[in-house]
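Breakdown of the fold
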Amino acid sequence: MLARAADTIADTDLIERPQRLQYLTRFREWVMDPIRREDLLRELQAALLVHLDDPHRGLQTRPGERTLLTHLMECGQLFHGFAAPDQVLISQVVRTLAHGMQKDLTRFPADAPPAPTQHLVSLNTLDDLDQYTYDAAGCVGEFWTKLMCAHRAALRAWDVEAMATVGIRFGKGLQLTNVLRDLASDLRRGRCYIPIAVLEPAGLRPADLLDPATLPKFRPVLTRLLRIALEHLDQGWLYTMAIPSREVRLRLACAWPILFAVKTLQRLSVSPSLLDPKVTLKMTRGELYRVLALTGGAVGWGRLLTGYYGHLRKRIAC
């Protein structure tokens, strides 16, 4: 809930960018010292609700956001109810996520530029992309690992730091899948997460990707990024299979996102409309339910589940 609140602050175009950055800074200051800086959370909530209640800004059309921010203090109180070691982990991951949101707000232009070709900003290197995927999801894999190892007796034999490193790869793979899936829509928000360092060798500039006809020229870049995403997801699969089979819910909580990601990558790898913002490349609800049905009963059978993962993986054209 805290991460979602930070995301709401970062993403709403109904609050000016400098104010969003300021609010995220206050939010991070509270997360770093939630007991002594509770006044910051109260001030932040009051300031945000002023925006939510402004009839000229149209925020009455965002009831979910208003509900969350209205109960922000209660989220803080729930946070205080966790044991101290868990509070440290939660604080770290929320702080990292919020910091990543701040970097995005600072790096990229307005969310809906009137002329994307004039305002399009790209990441520079693969290292920049790697850092972005860590800030957005890799840190969550690290957090999840440490939290589960602290509370699940079945994971006591794990080397926490080593598995946390694998958990980071897991999260990066999921986020890189999102980057490729949302490429066309992000470009029209002025955001190119495809680094210039991989576009230039293919004779491309970020603005070229705004033209759907550029896809054939972009395919070598896409192939390279698909392979990176798959390498991360392969590590995520090893992570999942290291979870004892009796931990059914924990295994499924890891296996399903990976299987959904691989299905999405398969769709992206063969789509002729990857750069067309009018085309949705998400899994259909039917595909999602089919994966759930095929794997729910096989979660205790590692070889069977891995065989299904391998079957889906081979269908990715890269």
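The rules we used
Every chain is numbered on its own, with residues counted from 1 as its sequence reads. Selection of residues for local features in this predicted model requires a pLDDT of at least 70, selection of side-chain atom pairs for listing and counting requires 80 or more, and totals for whole chains, interfaces and linings are taken over all residues. To obtain the side-chain values, all non-hydrogen atoms of the structure were included, while hydrogens and water were left out. Think of it this way: a Phe, Tyr or Trp ring, Trp meaning its six-membered ring, pairs with another when their centres are within 6.5 Å, and the plane angle makes it stacked under 30 degrees, edge-to-face over 60, tilted otherwise. Helix and strand labels come from DSSP, where a helix needs a run of H or I of at least four residues and a strand needs a run of E of at least two; each type is numbered from the N terminus. Think of it in three bands: residues with accessible area under 20% of the maximum for their type are buried, residues over 50% are exposed, and the middle band is partly exposed, with areas taken using a 1.4 Å probe on protein chains only. We count a salt bridge whenever a side-chain nitrogen from Lys or Arg sits within 4 Å of a carboxyl oxygen from Asp or Glu. What counts as an axis is a line fitted to C-alpha atoms, over the stretch in contact for a helix, and the angles between N-to-C directions run from 0 to 180 degrees. Put simply, angles under 35 degrees are roughly parallel, angles over 145 are roughly antiparallel, angles from 65 to 115 are roughly perpendicular, and the rest are oblique. Crossings are classed by handedness, with left-handed meaning an anticlockwise turn of the near helix from the far one by less than a right angle and right-handed meaning a clockwise turn. Between two residues, a contact is recorded if the distance between any of their heavy atoms is within 4.5 Å. Amino acids are sorted into nonpolar (Ala, Val, Leu, Ile, Met, Phe, Trp, Tyr, Cys and Pro), charged (Asp, Glu, Lys and Arg) and polar (every other residue, Gly among them).

1. Quick notes on the packing of aromatic side chains
On inspection of all chains with the given rule, the structure shows 7 aromatic pairs. Here the aromatic rings of Phe27 and Trp30 are separated by 6.0 Å at their centres, their planes lie at 45°, and the arrangement is tilted. Of this pair, Phe27 and Trp30 both sit in helix H2 (residues 17–32), 3 residues apart, which is roughly one turn of the helix. Across this residue pair, the class does not change: Phe27 and Trp30 are buried. Ring geometry for Phe170 and Tyr239: centres 5.7 Å apart, planes at 70°, overall edge-to-face. One end of the pair, Phe170, is in helix H9 (residues 160–181); the other, Tyr239, is in helix H12 (residues 215–241), with 69 residues separating them in the sequence. Accessibility expressed as a relative area gives 2% for Tyr239, which makes it buried. The rings of Phe27, Trp30 and Phe79 are connected pair by pair, giving a single aromatic cluster.

2. Section: the pattern of salt bridges
Per the counting criterion, the structure on display carries 15 salt bridges. Among the ionic pairs, Arg205 bridges to Asp208, the shortest N-O distance being 3.0 Å. Between Arg313 and Asp234 there is a salt bridge; the shortest N-O distance is 2.7 Å. Residue Arg313 is located in helix H15 (residues 302–314), and its partner Asp234 is located in helix H12; the two are separated by 79 residues in the primary sequence. Taking relative accessible area as the criterion, Arg313 reaches 29% and is therefore assigned partly exposed. Ionic contacts of the salt-bridge type, sharing partners, join the residues Asp104, Arg107 and Arg191 into one network.

3. Remarks on the packing of helix H13 (residues 248–270) against H15
Two elements in contact, H13 and H15, have axes separated by 9 Å at closest approach and are oriented at 20°. Here H13 is positioned roughly parallel relative to H15, judged by the angle of their axes. Regarding H13 and H15, the two cross each other, and that crossing is left-handed. For the pair formed by H13 and H15, the contact residues are Arg251, Ala255, Ile258, Leu259, Val262 and Lys263 on the first element and Gly302, Leu305, Tyr308, Tyr309, Leu312 and Arg313 on the second. Within the contact of H13 with H15, the residues separate by chemical class into 8 nonpolar, 1 polar and 3 charged.

4. Overview of the environment of Met1
For Met1, the location among the structural elements is in the segment before helix H1 (2–11). By relative accessible area, which is 64% here, Met1 ends up exposed. It is 9.8 Å that separates the C-alpha atoms of Met1 and Leu69, two residues lying 68 residues apart in sequence. Other than its neighbours up to four places away in sequence, Met1 contacts Leu68 and Cys75.

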